[in-house]
Amino acid sequence: MQTNSLVLASGNAGKIKELQALLPNFTLIPQTQFNVMEVEETGTTFVENAILKARNAAKISNLPAIADDSGLVIAALNDAPAIYSARYAGEKATDSENIVKVLRELEDVPIEKRHAYFFCVLVLIRHAHDPCPIIAQGRWDGVILERPKGEKGFGYDPIFGVPSHNNCSAAELPFEIKNSLSHRGKALIQLKREIAAFHHNFFSKSDGLNPVQD
């Protein structure tokens, strides 16, 4: 196993693609390659659930692990779906089913009251019992569109409007532009800075987690 390998506590192909692109010098291995079962997300916050997932992946794989817990927060829905984003329409809900539920609940809400944001927490741990996980967060503000647009991305991307880009949806943005704007991209930049500032020996300098230049 390469020394710069990390097990990614996710089987979500969209998340894997985004994180691998943001860590080009790093080898991310999906936890499915180690037959890691999804851990029950019993936390009440993104942070708690990300830590649960990272510890579970590290324990089974015996590798350092990175976990992402993220979701969509909509003001008009009392900050739902939040930590329940992936299962908002039910435990086995598809992305399309979750989108349909959100749009139905916002049916009579005008666009000026459809503010929302994506929130991401990344947790990096050296081993399953690491007492000092590195935690980073990122936020991406936008609006909920009235109908889905675009074929790129995953999750709620087709209904997440990006004001800085003429309210096109996140699913219409080129991959590189989305990564530069997204909650996940921002969280990863913070994660790199945390390692550079406080955890110089967390990994070797060749692992792709060198200090980020402004």
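That block above? That's the structure.
Residues numbered from 1 in each chain as written. Predicted model: local features only at pLDDT ≥ 70, side-chain atom pairs only at ≥ 80, totals over all residues. Heavy atoms only, no water.

Undergrad: Got a minute to help me understand the layout of surface pockets in this structure?
TA: Where empty space is left in the structure can be found by rolling a water-sized probe over the atoms. Volume-wise, the largest pocket comes out at about 810 Å³. For the largest pocket, the lining is made up of 32 residues, of which N12, K15, S85, A86 and R87 are closest to its centre. For the lining of the largest pocket, the secondary-structure elements that each account for two or more residues are α1 (13-22), β3 (65-74), α3 (95-105) and α5 (183-198). Per-element accounting of the lining of the largest pocket gives the leading share, 5 residues, to β3. Taken together, the residues of the lining of the largest pocket break down into 9 nonpolar, 9 polar and 14 charged. (1 Å grid on protein atoms, 1.4 Å probe; cavity = no way out; pocket = protein on both sides within 12 Å on 5 of 7 lines; lining within 4 Å. Points joined across faces, edges and corners; volume = space filled by probe spheres on them. Helix = DSSP H or I, 4+ residues; strand = E, 2+ residues; numbered from the N terminus. Nonpolar A, V, L, I, M, F, W, Y, C, P; charged D, E, K, R; others polar.)

Undergrad: I keep staring at the packing of aromatic side chains and nothing clicks. Help me out?
TA: When we look at a pair of aromatic rings, we describe it by the centre distance and by the angle of the planes. Scanning all chains against the criterion turns up 5 aromatic pairs. Linked through ring pairs, F46, Y117 and F119 together constitute an aromatic cluster. Seen from the ring of Y88, K101 lies directly overhead, with NZ or CZ sitting 4.2 Å from the centre. The ring of Y117 is capped by R139, whose NZ or CZ atom sits 3.6 Å from the centre of that ring. (Phe/Tyr/Trp six-rings, centres within 6.5 Å; stacked < 30°, edge-to-face > 60°. Lys NZ or Arg CZ within 6 Å of the ring centre and 35° of its normal.)

Undergrad: So what exactly am I meant to see when it comes to the nonpolar core here?
TA: Soluble globular proteins: nonpolar side chains tend toward being buried together. Of all hydrophobic cores here, the largest spans 21 residues; its most connected members are L72, I74, V102, I144 and Y156. When contributions to this core are tallied by element, the ones reaching two or more residues are β3, α3, β5 (115-125), β6 (134-144) and β7 (160-162). Examining the composition of this core, we find that 3 residues originate from one element, α3, more than from any other. When near neighbours in sequence (up to four residues on either side) are disregarded, V102 contacts I74, Y88, I144, Y156 and I159. (Core = buried A, V, L, I, M, F, W, Y, C linked by side-chain atoms within 4.5 Å. Buried < 20%, exposed > 50% of the residue type's maximum accessible area, 1.4 Å probe, protein only. Contact = heavy atoms within 4.5 Å.)

Undergrad: What is the right way to read the environment of A82 from this model?
TA: One can find A82 in the loop between β4 (80-81) and α3. Exposure remark for A82: the relative accessible area of 18% places this residue in the buried category. Expressed as a C-alpha distance, the spacing of A82 and R104, which sit 22 residues apart in the sequence, is 17 Å. When sequence neighbours within four positions are dropped, the list of residues in contact with A82 reads F46, G71, L72 and V73.

So yeah, pure geometry; function would need other evidence.
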